[in-house]
Amino acid sequence: MLIRIVIEPKKNPDLHSYLIFGVKRYTSLYGLSMSLLGLPNELIKCVSENLKLERDINALTRTNRHLYNLLNPYLYRHNIRLFKSSALRWAAKRGREVTAQKLLRAGADANTTTKYGYTPLLFAAENGHKTIVELLFAGDLNPNCKSDTGRTPLSYAAEEGHEAVVKLLLARDGVDPDSKSDKRRTPLSYAAEEGHEAVVKLLLARDGVDPDSTPDTGWTPLRYAEGGGHEALIKLLLAREG
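Here, residues in each chain are numbered from 1, in the same order as that chain's written sequence. A pLDDT threshold of at least 70 governs which residues receive local features in this predicted model, and a stricter bar of 80 or more applies before side-chain atom pairs are shown or counted, although totals over entire chains, interfaces and linings include all residues. To obtain the side-chain values, all non-hydrogen atoms of the structure were used and water was disregarded.

*Asks:* Would you take a moment to explain the overall build of the chain for this structure?
*Replies:* Helix and strand counts for the chain come out as 13 helices and two strands. Exposure categories follow from relative accessible area, calculated using a 1.4 Å probe and restricted to protein chains: below 20% of the type maximum is buried, above 50% is exposed, and the middle band is partly exposed. For the chain, the proportion of its 242 residues judged to be buried stands at 38%. Contacts are assigned to residue pairs that have any heavy atoms within 4.5 Å of one another. Of the contacts made within the chain by residues no fewer than 6 positions apart, 56% connect residues no fewer than 24 positions apart. Surface accessibility follows the Shrake-Rupley procedure with a 1.4 Å probe radius. Residue values consider only the protein chains on display as shielding. In the form shown here, the chain has an accessible surface area of approximately 13,700 Å², with 49% of it arising from carbon and sulfur atoms. Going along the chain from the N terminus, every DSSP run of H or I of four or more residues is numbered as a helix, and every run of E of two or more is numbered as a strand.

*Asks:* How should the layout of surface pockets be read in this particular structure?
*Replies:* Where empty space is left can be seen by rolling a probe of water-molecule size over the atoms. Approximately 400 Å³ is the volume attributed to the largest pocket. Lining the largest pocket are 14 residues, and of these Asn 58, Leu 75, Tyr 76, Trp 90 and Thr 99 lie nearest its centre. Among the elements that line the lining of the largest pocket, the one with the most residues is helix 3 (residues 65–82), at five residues. Under the convention adopted here, Pro, Cys and the residues Ala, Val, Leu, Ile, Met, Phe, Trp and Tyr are nonpolar, Asp, Glu, Lys and Arg are charged, and Gly plus all remaining residues are polar. Broken down by class, the residue content of the lining of the largest pocket amounts to five nonpolar, five polar and four charged. The way it works is a 1 Å grid over only the protein atoms, where trapped points that fit a 1.4 Å probe form a cavity and open points with protein on both sides within 12 Å along at least five of seven lines form a pocket, and then any residue with an atom within 4 Å of a point lines it. Grid points are joined across faces, edges and corners, and a volume is the space filled by probe spheres set on the points.

*Asks:* Honestly, unusual backbone geometry in this entry has me stumped. Any pointers?
*Replies:* For residues besides glycine, phi is generally negative; the peptide bonds are generally trans as well. A positive phi is found at Ser 85, a non-glycine position, where the angle reads about 60 degrees. Along the chain, Ser 85 falls in the loop between helix 3 and helix 4 (86–94).

*Asks:* I'm lost on the environment of Lys 235 in this one. Help?
*Replies:* Note on placement: Lys 235 falls in helix 13 (residues 231–241). Since its relative accessible area comes to 62%, Lys 235 is described here as exposed. Sequence-wise, Lys 235 and Leu 222 are 13 residues apart; in three dimensions their C-alpha atoms are separated by 9.1 Å.

In structure tokens:
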């Protein structure tokens, strides 16, 4: 069986328009068999570099352990170069720590955003992935980055009740503990609405957090706690007012 692989040279104009080579699964020469895996690593890399779709490269890397170790670094570089580090956002959202670490080592942009302004930090904070937040903070990162609705990582982590992530964010230099969304809602407002007592306590302990902040809805954190029937928070916020 003859496998034909066509490679388009990308950089060297002096090369032939196409490099065509055939690999025979069973050859008459020396009675040997040969497959793609029998090619030198340099040629296998050349094949992968001419695959245009990420899913094709990924499929090739999953063929066996040898190809995975050989081509996976290229897959990361390919994503960084052509897809603006979108894989890092994917890893941050799903808590894939090893993948995030490898992408960052390969030079992924930790500030990459979706069209809605979502960064890897926003995804990691919203989904409670503390280790990935720590990985991202190892680089030059804005802890107050905002989505298209004006919400920060702290805002999302507070709403979801991710206490460990909230602690980590509050400990970060420059973080705004009372950041306001486009509708002027604060992290405290979201945490009170959802009944996250531990997070509310963390926020109230910070200087600069206004327990009576009033967003466009006109509801204070206390009013949100009352609306959700969170009795412990109601007592906590009333005591703060007193």
